[in-house]
Amino acid sequence: MTESAQGAGPARLEAWNVLERVRHGAGVSEALSEAGKRSLSPADRALMTQIVHGVLRNQRYLDAWLEPFLRGELDPSVRDILRMALFQIGFLDRVPTYAVVNAAVEQTKTVAPRATGMVNAILRRAPSQKPKNVSLGVEFSHPDWIVRRWQARYGLERTRHMLWVDNQVPPLTLRVNLGRIARETVLAQLQAQGVRAEASRYLPEAIRVSGPLWLEDLPAFQEGNVTVQDESAMLVTWALDPKPHERIVDLTAGLGGKTGHILEKTQGEAEVTAVDLAQNRLSLLRENIMRLGYAHHVSIVGQDSRIFSLEHPKQFDRVLLDAPCSNLGVLRRRSDARWRKQEKDLGGLATTQKALLDAAVRLLRPGGVLVYSTCSVEPEETTDVVRKVLESHPTVHIEPVQDFLPAPAFQDFTQEGFLTLLPGDLGMDGFFIARLRADVREAE
Ligand SMILES: C[S@@+](CC[C@H](N)C(=O)[O-])C[C@H]1O[C@@H](n2cnc3c(N)ncnc32)[C@H](O)[C@@H]1O
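Residues numbered from 1 in each chain as written. Predicted model: local features only at pLDDT ≥ 70, side-chain atom pairs only at ≥ 80, totals over all residues. Heavy atoms only, no water.

1. Section: the UniProt feature "active site" (unreviewed entry) in the protein
UniProt records the feature "active site" (unreviewed entry) for C375 in the present numbering. Mapped onto the elements of the fold, C375 is located in the loop between β9 (364-374) and α20 (383-392). Setting aside anything within four residues of it in sequence, one finds C375 in contact with C325, N327, L328, G329, V330, G430 and F431. (UniProt positions renumbered as here; feature names shortened; annotations may be inferred. Helix = DSSP H or I, 4+ residues; strand = E, 2+ residues; numbered from the N terminus. Contact = heavy atoms within 4.5 Å.)

2. Description of the nonpolar core
Within the largest apolar cluster, 45 residues are counted, with the highest numbers of intra-cluster contacts made by V18, M48, V52, L82 and L123. Sorting the residues of this core by element identifies α2 (10-23), α3 (28-36), α4 (42-57), α5 (59-66), α6 (76-91), α7 (97-111) and α8 (116-125) as the ones contributing at least two each. Setting aside residues up to four positions removed in sequence, M48 forms contacts with A11, E14, A15, V18, L32, A35, G36 and L40. Within the second largest apolar cluster, 38 residues are counted, among which are A274, V401, A407 and L426. (Core = buried A, V, L, I, M, F, W, Y, C linked by side-chain atoms within 4.5 Å. Buried < 20%, exposed > 50% of the residue type's maximum accessible area, 1.4 Å probe, protein only.)

3. Considering the site of the ligand
Contacts to the ligand come from 20 residues, most closely from K258, D276, R281, S305 and D322. Here T252 contributes a backbone N or O atom positioned 3.1 Å from a nitrogen atom of the ligand. Contacts to the ligand include S305, whose backbone N or O atom sits 2.9 Å from a nitrogen atom. Bound to the protein, the ligand loses 84% of the 610 Å² it would expose on its own. (Near = heavy atom within 4 Å. Polar contact = N/O pair within 3.5 Å; in protein donor to acceptor, adjacent residues only side chain to side chain. Areas by Shrake-Rupley, 256 points an atom, 1.4 Å probe, with all protein chains shown as cover.)

4. Focus: the UniProt feature "domain: SAM-dependent MTase RsmB/NOP-type" (unreviewed entry) in the protein
Per the UniProt record, the feature "domain: SAM-dependent MTase RsmB/NOP-type" (unreviewed entry) sits at residues 162-439. Spanning residues 162-439, this segment combines 33% helix with 23% strand, and its end C-alpha atoms are found 38 Å apart.

5. Some details on the packing of aromatic side chains
A complete count under the given rule lists seven aromatic pairs for this structure. Geometrically, the ring pair formed by F87 and F91 is stacked, given 5.5 Å between the ring centres and 20 degrees between the ring planes. One end of the pair is F87 and the other is F91, both in helix α6 and four residues apart, which spans about a single turn. On the basis of relative accessible area, F87 is assigned to the buried category, the value being 5%. Classification of F91 as partly exposed rests on a relative accessible area of 39%. Each residue in the set Y61, W65, F87 and F91 is aromatic and connected to the rest through ring pairs, giving one cluster. We note R291 situated over the ring of F221; from NZ or CZ to the ring centre the distance is 4.0 Å. In this arrangement the basic side chain of R435 is found over the ring face of F404, its NZ or CZ atom lying 3.6 Å from the centre. (Phe/Tyr/Trp six-rings, centres within 6.5 Å; stacked < 30°, edge-to-face > 60°. Lys NZ or Arg CZ within 6 Å of the ring centre and 35° of its normal.)

6. Structural notes on α4
Along an α-helix, residues three or four positions apart point the same way, because every turn accommodates 3.6 residues. The end-to-end C-alpha distance of α4 is 22 Å, a good match for the 22 Å that 16 residues give at a rise of 1.5 Å each. Inspection of α4 places L47, M48, I51, V52, H53, G54, V55, L56 and R57 among the buried residues, and these make up the whole buried set. Summarising the contacts, the buried residues of α4 are in contact with α2, α3, α5, α6, α11 (156-166) and α18 (337-340). (Expected span 1.5 Å × (residues − 1).)

7. A look at the environment of V138
You can see V138 is positioned in helix α9 (residues 136-139). Owing to a relative accessible area of 12%, V138 belongs among the buried residues under this scheme. Expressed as a C-alpha distance, the spacing of V138 and K37, which sit 101 residues apart in the sequence, is 34 Å. With near-sequence residues (within four places) excluded, V138 lies in contact with R60, Y61 and A64.

8. What to know about the side chain of R183
Here R183 lies in helix α12 (residues 183-192). For the buried R183, no salt bridge is present, and the opposite-charge side chain at shortest range is E184, 4.7 Å distant. Only 3.2 Å separates the side chain of R183 from the backbone oxygen of P204, close enough to count as a polar contact. Here A206 takes part through its backbone oxygen, which lies 2.8 Å from a polar atom of the side chain of R183. For R183, the residues in contact, after removing those within four places along its chain, are V176, L178, A199, S200, L203, P204, E205, A206 and I207. (Lys, Arg positive; Asp, Glu negative; His and termini not counted. Salt bridge = Lys/Arg side-chain N within 4 Å of Asp/Glu carboxyl O.)

9. As for the packing of helix α14 (residues 231-240) against helix α15 (residues 257-265)
Contact geometry of α14 with α15 gives a least axis separation of 9 Å together with a crossing angle of 50 degrees. Relative to α15, the element α14 is oriented oblique. As α14 packs across α15, the resulting crossing turns out to be right-handed. In this structure, α14 contributes A233, M234, V236, T237, W238 and L240 to the contact, and α15 contributes K258, H261, I262 and K265. Taken together, the residues that form the contact of α14 with α15 break down as six nonpolar, two polar and two charged. (Axes fitted to C-alpha atoms, helices over the stretch in contact; angles between N-to-C directions. Parallel < 35°, antiparallel > 145°, perpendicular 65-115°, else oblique. Left-handed = near helix turned anticlockwise from the far one by under 90°. Nonpolar A, V, L, I, M, F, W, Y, C, P; charged D, E, K, R; others polar.)

10. Side note on the sheet that holds strand β1 (residues 172-176)
Taken together, the four strands give an open sheet; going across it, the order is β2-β3-β1-β4, and neighbouring strands pair in antiparallel fashion. Edge positions in the sheet fall to β2 (197-199) and β4 (226-228), since each has one partner strand and no second. Taking the axes of each pair of neighbouring strands and ignoring which way they run, one obtains an average angle of 30 degrees across the sheet. Where β1 and strand β3 (residues 206-209) come together, four bridges link them in antiparallel fashion. (Pairing = 2+ DSSP bridges.)

11. Topic: the pairing of strand β12 (residues 418-421)
Across two bridges, strand β11 (residues 414-415) lies against β12 in antiparallel orientation. Its bridge partner being in β12, Q415 is matched across the sheet by F418. With three bridges joining them, β12 and strand β13 (residues 431-438) adopt antiparallel strand pairing. Paired with L419 across the bridge in β13 is I433.

12. A word on the domain arrangement of the protein
Where interface size is given, it is often the accessible area lost as the parts come together that is meant. Partitioning the protein into structural domains gives domain 1 (3-134), domain 2 (140-167), domain 3 (172-228) and domain 4 (231-438). The gap between the C-alpha centroids of domain 2 and domain 4 is 26 Å. At the interface, 16 residues of domain 2 touch 17 residues of domain 4. For the pair domain 2 and domain 4, the summed buried surface comes to about 1,500 Å²; carbon and sulfur atoms form 56% of the total. Note that R148 is salt-bridged to E343, the shortest N-O span being 4.0 Å. Applying the counting rule to domain 2 against domain 4 returns nine residue pairs in polar contact (both at pLDDT 80 or more). Considering each element in turn, the side of domain 2 that touches domain 4 owes the most residues, seven residues, to helix α10 (residues 144-154). Broken down by class, the residue content of the side of domain 2 that touches domain 4 amounts to eight nonpolar, three polar and five charged. (Domains from an automatic or database assignment. Buried area = accessible area lost by both parts, 1.4 Å probe.)

Following this line, the structure appears as structure tokens:
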């Protein structure tokens, strides 16, 4: 590493590398966890993460801030250095402005030496001239199409709140395997490490952590009794309400977040199958389930769920379809997602979701239960999909989800039998959950 690169500090150098990788298509979580494996101190890792998410969450605002100072085209690598500097100046208070400017100048010397003078000149003037009178989309750094559709549905104040929620650092929530360890024991372990945490008011297995936590140091995590998952994602398994000895399939299992919860709730006594077509995700799912100690209690199938359903019709008591979606309910966690999606993608997603839900219905035995969930609350991906599928399957009906949720507080968020949590409701991620049941007599 050159002397000037070192001058920027390891956290900023790695943050810049991660942003470059994200610009070239890498997912932000994967890029951050790769970078985190390099020898960074815990403080540098935290600063790197804060800068990367902060720049992505505030990108449009930062670009509007830069705009008046630019003359002509800007090299994307230099733009990232400027965005990082303005984010630290505008949104963090721990580093003095002169130190941020010096770090950015040092970094530019190695990345694009000829731009050093320009970066220096911009960062001497810009900090005192923040953008004024900007639109909601600029103020909260969201694409206009998202702002427009939320405002049309929820009105101005609600939309402002949702946009604000998306830019906050989300809470870290832990799921405790209550069959193996009491929540109080995990809380005591957290307290012993000086971590601020409290029991969720809404789910008996959830803990909200509000300070920094190195999970690997937590005994309950090492023993496989704790998993990171948002409370709204935990509600999906509550809605499914799996029982021991049933045949259950998780049709889009991904990394196994919900498969693990199903295994915990049935204490490994159900016959669980996890399907996903992404082989790389299934290897991680296997590792995750092994850590939880349920490796021998799940069959893992790398296949398109639509094919799987043709091969196993009417064979399952419970089917979970946590469908691929636009992620618009979890923008606070996926800081890059708002820039990757376009409104026209919703149509294609809805087609896939409908095809997968048709496949899910096919797997139900008479009387079987199906849960459909998305981390988006857009009607095209949620109520529209469910209604269309119900029209073509008259032997399947809606079962009100509220009867299966763990706290009375959720009643306020149910309508027509569906649960819809908007981003930030009860402090949780945005989520949609529907529960369907096949008639006992005549499943399709
Ligand atoms: C929302 S994620 C699932 C997250 C997972 N349920 C969890 O809790 O960790 C959607 C998943 O659907 C998978 N997928 C998309 N299309 C599929 C298909 N046709 N068949 C099987 N899996 C599919 C993706 O690979 C992705 O892992």
